[in-house]
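Structure at a glance
If you want the building blocks of each chain, they are given just below.
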Amino acid sequence: MRAPRRPRPNDSVFFKEGWSDLVRGGNVVARLGTGVRSTIWLPLPERRPYRLVIRMDPLPFEEAPPQRVRVFLDRHTIGVFTLDWDPERVGAYTVDIPAGLVPAGRTRLELMSDHVRPLDKIDAFPELPRSLAAGFRLWYVRLTPL
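Being a predicted model, the structure only gives us computed values, none of them experimental.

Some thoughts on the sheet that holds strand 8 (residues 105-113)
Two modes of strand pairing occur in sheets, parallel and antiparallel, and in both the strands are linked by backbone hydrogen bonds. One open sheet holds the four strands; their spatial order is 3-8-5-6, and the pairing between them is antiparallel. Edge positions in the sheet fall to strand 3 (37-44) and strand 6 (76-83), since each of these pairs with one other strand and no more. Across this sheet, the average inter-strand angle for adjacent strands is 20°, counted without regard to direction. With eight bridges joining them, strand 3 and strand 8 adopt antiparallel strand pairing. Bridging across to strand 8, I40 finds its partner in L109.

Structure below.
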């Protein structure tokens, strides 16, 4: 008899390499960026300017240096953000993408962390292995036409 298959989240078509399984923080479900580069595949229906909003937080490691995340669209740098920790509010980081950088169709959005630390350094996310290293928590990505 085979073990039951673990259900996969519906977002696995978008989230590729460099992501944890889903984690809960209060009432919110998120993912942790676990690689130096964490990749999301985005559908871009047409070549036009877009506004990208990324909701993410650094992980609260004791004595952690500021966490910087570089954002690339199809290997072009579109932003560099220093993440702020506020236990009352999720950080929102916005960048306008000019039409010249937008390929029509499916494209790769990469988030590159300055550093990742093992989860055994924080008291959170008990559902993940303590040996897993992560740099930030991603709540969502929103892309809207300008």
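Now that the structure has been shown, the text picks up again.
Considering the pattern of salt bridges
Applying the stated criterion across every chain yields a total of five salt bridges. Residues R48 and E46 are paired through a salt bridge, measuring 3.8 Å at the closest nitrogen-oxygen approach. You can call R48 partly exposed: its relative accessible area is 24%. Classification of E46 by relative accessible area gives partly exposed; the value is 42%. Two residues, D114 and R70, come together in a salt bridge whose shortest N-O distance is 2.6 Å. Of the two residues, D114 is situated in the loop between strand 8 and strand 9 (117-118) and R70 in strand 5 (residues 67-73); the sequence distance between them amounts to 44 residues.

Procedures and definitions
- Residues numbered from 1 in each chain as written.
- Predicted model: local features only at pLDDT ≥ 70, side-chain atom pairs only at ≥ 80, totals over all residues.
- Heavy atoms only, no water.
- Pairing = 2+ DSSP bridges.
- Helix = DSSP H or I, 4+ residues; strand = E, 2+ residues; numbered from the N terminus.
- Axes fitted to C-alpha atoms, helices over the stretch in contact; angles between N-to-C directions.
- Salt bridge = Lys/Arg side-chain N within 4 Å of Asp/Glu carboxyl O.
- Buried < 20%, exposed > 50% of the residue type's maximum accessible area, 1.4 Å probe, protein only.

Such coordinate-based values are descriptive only and should not be taken to indicate function.
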